[in-house]
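# Chain and residue survey
Residue-level listing of the chains:
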Amino acid sequence: MCGIGGAYINHITTDFIDQLLQLMEKTGQRGQDGFGITKIGPEGRSTSLKFPGPFNRQRVTEFLLHVKKNSIILWCNRAQPLTEPPSVDERSIQPVEVEELIGVHNGVVANELELLQYVGMRTSVIDSEIPLHLIKRFGLQRAFSMCTGGYAYAYADSQNGDLVLLRNFKTLAIGSVGNNLLFASEQSFLEEVFGYTYIPHKLPPYHYAKYRLGRLIESGVVSFKTDSYLPEQDPNRVLVCAS
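All of the points below concern the structure found in this document. (Residues numbered from 1 in each chain as written. Predicted model: local features only at pLDDT ≥ 70, side-chain atom pairs only at ≥ 80, totals over all residues. Heavy atoms only, no water.)

### As for the sheet that holds strand β1 (residues 3-9)
Here we have seven strands laid out as an open sheet, ordered β3-β2-β4-β1-β10-β9-β11, and antiparallel in their pairing. The two strands at the open ends of the sheet, each matched to only one other strand, are β3 (46-52) and β11 (198-201). Each adjacent strand pair in this sheet contributes to an overall mean axis angle of 15 degrees, direction not counted. Pairing geometry for strand β2 (residues 34-40) and β3, over seven bridges, is antiparallel. Across the sheet, residue Lys39 finds its bridge partner in β3, namely Thr47. Those strands touched by helix α6 (residues 187-194) are β9 (173-177), β10 (180-184) and β11, and its axis lies near 160 degrees from that of β11. (Pairing = 2+ DSSP bridges. Helix = DSSP H or I, 4+ residues; strand = E, 2+ residues; numbered from the N terminus. Axes fitted to C-alpha atoms, helices over the stretch in contact; angles between N-to-C directions. Contact = heavy atoms within 4.5 Å.)

Shown next as C-alpha cells:
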C-alpha cells in the first residue's frame, strides 16, 4: 500500500508549498520505505529526487525551491511489498518514467509477467512502469483493459502538460485549492491539510479524468480486466487479501 499524491500548480505561495509538504507527510502514513518526487516544468523538463526511507522535509523543501508556475508535481511514499526483498535501489522507487510519460501508482499489476512481451527497455524494476509502456503502445483505454489488479494511477505527459488520474476500486481523491489542482490517496489527507479551502472533484470507481493546465478537459469510463486468478475452493486454504 503506497501513498501517492500530486499537484498542478497554477499559483505559487510560500503557504501553499508548506501545505504540499504537509500533504506529503500525510501520504507517508501509507509508506515509509522510500520516497520519490518528480517536478515537470512548463517547458516540459522533468527533475526527480528519490531516496530510501521515509519522507524527508528538508530534502524535499530544497528540491521544491524555484518550482515554477504551471508545473506538475508527482510523488510516492513507497511501502515495500513483503513479497520483495529489501531494496535501496532508486529503480524500485516511484515516480516511474517512460519517455515523456511519468506516473505514480498505488496497487499491483498482477499479470506483469504476461505483459512483459509488450514492454521495451525497462527504466525501473517495479510493475508500476508497465502501464506507461502499454499506454504509449495501445492508448489509455486498451492499456488498462489488459491489466489485472487494483489501481489508483496518475500520470503526466511532459510534452503536452496533461495530467491523467484514474482508478478502479482503489481510492484516489481529487480537488482544487484556489487555482491549484491536487490529488492524494485519501480524501481525508486533503481535507486535514487544506480545510475549508479544499473543493473536492468526483472520480467514481472505474473512471478517468484528464486535466490540462489544471482544468478538466476529458473524463469517462475506463475498462479494467476482470479475469479471476483465484484458486479452486479448498477448505484447508485461507485466502488473505490486502488493499
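### Brief notes about the packing of helix α1 (residues 14-27) against α6
Contact pair α1 / α6: the axes reach a minimum separation of 9 Å and the direction vectors enclose 145 degrees. α6 is crossed by α1, and the crossing has right-handed handedness. Contacts from Phe16, Gln19, Gln22, Leu23, Lys26 and Thr27 of α1 reach α6 at Phe189, Leu190, Glu192, Val193 and Phe194. Of the residues contributing to the contact of α1 with α6, the split by class is six nonpolar, three polar and two charged. (Left-handed = near helix turned anticlockwise from the far one by under 90°. Nonpolar A, V, L, I, M, F, W, Y, C, P; charged D, E, K, R; others polar.)

### Some points on the side chain of Asn106
Its location among the elements puts Asn106 in strand β6 (residues 101-107). A distance of 3.0 Å separates a polar side-chain atom of Asn106 from the backbone nitrogen of Cys2. Discounting chain neighbours no more than four positions away, the residues touching Asn106 are Met1, Cys2, Ile4, Arg30, Gly150, Tyr151, Ala152 and Lys170. (Polar contact = N/O pair within 3.5 Å; in protein donor to acceptor, adjacent residues only side chain to side chain.)

### What about the packing of aromatic side chains?
Aromatic ring pairs are defined here through the distance separating the ring centres and the angle between the ring planes. Across all of its chains, the model carries six aromatic pairs by this definition. Between Phe144 and Tyr151 the ring centres are 5.4 Å apart and the planes differ by 90 degrees, which places this aromatic pair in the edge-to-face class. Both residues of the pair, Phe144 and Tyr151, belong to the buried class. Aromatic side chains Phe144 and Tyr153 sit 5.6 Å apart centroid to centroid with 70 degrees between the ring planes, which places their arrangement in the edge-to-face category. By the burial criterion, Phe144 is buried, and Tyr153 matches it. Here the aromatic residues Phe35, Phe51 and Phe55 are joined through ring pairs into a cluster of three or more. (Phe/Tyr/Trp six-rings, centres within 6.5 Å; stacked < 30°, edge-to-face > 60°. Buried < 20%, exposed > 50% of the residue type's maximum accessible area, 1.4 Å probe, protein only.)

### Things to note about the layout of surface pockets
Approximately 180 Å³ is the volume found for the second largest pocket. Every residue lining the second largest pocket is listed: Lys39, Ile40, Gly41, Glu43, Arg45, Thr47, Leu65, His66, Val67, Lys68 and Ser71. Residue composition of the lining of the second largest pocket, by class: three nonpolar, four polar and four charged. (1 Å grid on protein atoms, 1.4 Å probe; cavity = no way out; pocket = protein on both sides within 12 Å on 5 of 7 lines; lining within 4 Å. Points joined across faces, edges and corners; volume = space filled by probe spheres on them.)

### Some words on α6
Every buried residue of α6 is listed here: Phe189, Leu190, Val193 and Phe194. End-on, the buried residues of α6 take up no more than an arc of 100 degrees, which puts them together on one face. Buried residues along α6 sit in contact with α1, β9, β10 and β11. Positive phi shows up at Gly195, right after α6, with a value of about 60 degrees. (Arc of directions from axis to C-beta.)

### Quick look at the pattern of salt bridges
If you walk through the whole model with that rule in mind, you get 11 salt bridges. Measuring nitrogen to oxygen at the nearest pair gives 3.8 Å for the salt bridge that ties Glu43 to Lys68. Of the two residues, Glu43 sits in the loop between β2 and β3 while Lys68 sits in the loop between α2 (57-63) and β4 (71-78), which places them 25 residues apart along the sequence. One network of salt bridges, in which partners are shared, links Asp18, Glu25 and Arg57. (Salt bridge = Lys/Arg side-chain N within 4 Å of Asp/Glu carboxyl O.)

### Details of the nonpolar core
Leu20, Met24, Ile37 and Val60 are the most contacted members of the largest nonpolar core, which totals 28 residues. Per-element accounting of this core gives the leading share, six residues, to α1. Leave out the neighbours within four places in its chain, and Leu20 touches Ala7, Ile9, Ile73, Trp75 and Leu182. One finds Ile126, Ile130, Met146 and Val164 within the second-largest nonpolar core, a separate group that totals 23 residues. (Core = buried A, V, L, I, M, F, W, Y, C linked by side-chain atoms within 4.5 Å.)

### Considerations on the sheet that holds strand β12 (residues 207-212)
Pairing within the open sheet is antiparallel, and its six strands lie in the order β5-β6-β7-β8-β12-β13. Taken across any chain shown, the strands that pair with only one partner, and hence form the sheet edges, are β5 (96-98) and β13 (215-221). Adjacent strand axes in the sheet meet at a mean angle of 20 degrees when their direction is disregarded. Judged from the six bridges that link them, β12 and β13 form a sheet pairing that is antiparallel. Looking at the pairing, Tyr208 lines up with Gly220 of β13.

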